[in-house]
Amino acid sequence: MLKEFLIYQNNELVFLSDSSSISLTHLVKNYQGPMFFYNRDFIRMRTRQMQTALKNVKLFYALKANAHPQVLSVFKDENVGVDVVSGGEIEHAVQCGFSYQSLVYSGVGKTKAELELAIQNEIYQINVESIPELYRIGEVAKKLGKKANVAFRVNPDISIQSHPYIATGLKDNKFGIDTNQFAEVMRVAQENAAHLSVKGISLHLGSQMLDFSSLKDSLAKLKPLFLDLRKIFPECHRFDFGGGLGIFYEKQDLEMENRLLNEYAATMFSEMNALKALVPDLELQSEPGRWLVGHAGVLLAQVQYVKVTPYKEFLILDSGMNHLIRPSLYEAYHGVHKLSANGVEKTYDVVGPICESADFLGKNRVLPEMKQDDFVVIRDCGAYAASMASDYNLQRRAFEVSN
Ligand code: LLP
């Protein structure tokens, strides 16, 4: 098994997967501006690894992580569904060849028009996030003469060790339905039973999880709710435990990540197998995003200026928080490499062209000495990079290419 995936061969950076070795240097031959490169072999490798570890679990890729059509094509080939969170994402997934019956629709703010689109087309599952949303789903389904397929997203009030901005399972988060409101949820669902098909329960604790004790506690907490629901709605048979499995940003260690994947799977199965004994038709679902695509993308950018002050050396790139906001927003770490490995090592702050001091991609990074027009490769930009990009300062979007 591969441990590192971005390595130098003959001083040039190459991108490895289990089936290919791709030179990044040839990508900048006709450089027109900052560019995301997505390695589809890598995405396929990760998808298969996850399918093996989460055997018999239906995967719904969280499209918000990376919506590029070429990326989606891998999931289509590998029979993975899609987790969507807006009408825009629904339309995009359908345009990319996914059927409505392969979409799980999450999100706290679904509008009437978005619900009409989903329910009219008999979407596979709507993860309901609040009681007023449940009423609205009932009304829309009634008007359309349809039965909406719903699952209730529960907020277990359990924290995970991650950045507070990407934790979602606590009672002061806007996500999911409080367990204390479940009796009312069941009452409203019964009232609207003619227009609802209650398929199951869902959970998403947050993102970048590297420890699974909170997942275990949450699954344990949700099991009795699931059984209560099933007593009233016998068609309730799906348990969707969300996404959130984390990756390493500061070091490259795919072997360790696979061990964590197996630990994650073991934690989940140890809780769910007991439920399976009581619910023979139980179907397990997951909504992974980052784990599948995070490492699979790099951002290639060019040094515009090496700015030396009495205090610092800045590498000023043609790309910054407009293309990759994660360092500015979450103080997230992304590895920065020089495309060609030669030069004595120096320490740089790697920054972008945007008129904000928060516009940095990496601080105090040790890199081989760089000069104007050299290229850098920013690691782990496959998830939540291009999908969170903006036009701020009216800078152009980065190109997105894949193999
Ligand atoms: N399911 C739901 C309902 C979600 O909200 C998310 C992510 C996922 C699945 C996928 O989670 P993943 O497996 O990718 O952790 N922008 C942040 C991450 C925000 C995640 C939002 N929800 C970042 O750059 O770290």
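In this report, we go over the structure that sits alongside the text.

Conventions we followed
- Residues numbered from 1 in each chain as written.
- Predicted model: local features only at pLDDT ≥ 70, side-chain atom pairs only at ≥ 80, totals over all residues.
- Heavy atoms only, no water.
- Helix = DSSP H or I, 4+ residues; strand = E, 2+ residues; numbered from the N terminus.
- Buried < 20%, exposed > 50% of the residue type's maximum accessible area, 1.4 Å probe, protein only.
- Salt bridge = Lys/Arg side-chain N within 4 Å of Asp/Glu carboxyl O.
- Near = heavy atom within 4 Å.
- Polar contact = N/O pair within 3.5 Å; in protein donor to acceptor, adjacent residues only side chain to side chain.
- Nonpolar A, V, L, I, M, F, W, Y, C, P; charged D, E, K, R; others polar.
- Axes fitted to C-alpha atoms, helices over the stretch in contact; angles between N-to-C directions.
- Left-handed = near helix turned anticlockwise from the far one by under 90°.
- Contact = heavy atoms within 4.5 Å.

**Observations concerning unusual backbone geometry**
Note: most peptide bonds trans; most residues except glycine with negative phi.
And then number 1: Positive phi, close to 50°, is recorded for Glu 331, a residue that is not glycine.
And then number 2: Along the polypeptide, Glu 331 turns up in the loop between α10 (326-330) and β16 (336-338).
And then number 3: A residue is classified by how much of its surface remains accessible, and Glu 331, at 70% relative accessible area, is exposed.
And then number 4: Of note in the backbone geometry, Asn 393 takes a positive phi value of approximately 65° without being a glycine.
And then number 5: Among the secondary structure elements, Asn 393 is positioned in the loop between β19 (375-378) and β20 (399-402).
And then number 6: Given the relative accessible area of 32%, Asn 393 is considered partly exposed.

**A closer look at the pattern of salt bridges**
And then number 1: Summed over all chains, the structure comprises 24 salt bridges.
And then number 2: Measuring nitrogen to oxygen at the nearest pair gives 3.6 Å for the salt bridge that ties Asp 157 to Lys 171. With Asp 157 in the loop between β9 (148-155) and β10 (177-178) and Lys 171 in the loop between β9 and β10, the pair connects residues that are 14 residues apart, well separated along the chain.
And then number 3: Judged by relative accessible area, Lys 171 falls into the exposed class, the value being 60%.

**Digging into the site of the ligand**
And then number 1: In the vicinity of the ligand there are 17 residues, among which Ser 207, Glu 287, Arg 326, Tyr 330 and Tyr 384 approach most closely.
And then number 2: One of the side-chain N or O atoms of Lys 64 is found 3.4 Å from an oxygen atom in the ligand.
And then number 3: The separation between an oxygen atom of the ligand and a polar side-chain atom of Tyr 384 is 2.6 Å.
And then number 4: A per-class count over the shell around the ligand returns six nonpolar, five polar and six charged.

**Let's talk about the packing of helix α1 (residues 40-53) against helix α2 (residues 69-77)**
And then number 1: One can describe the packing of α1 onto α2 by two numbers: an axis separation of 10 Å at closest approach and a directional angle of 35°. The crossing of α1 and α2 is right-handed. Contacts between α1 and α2 involve Arg 40, Ile 43, Arg 44 and Thr 47 from the former and Gln 70, Val 71, Ser 73, Val 74, Phe 75 and Asp 77 from the latter.
And then number 2: When grouped by side-chain class, the residues that make up the contact of α1 with α2 number four nonpolar, three polar and three charged.

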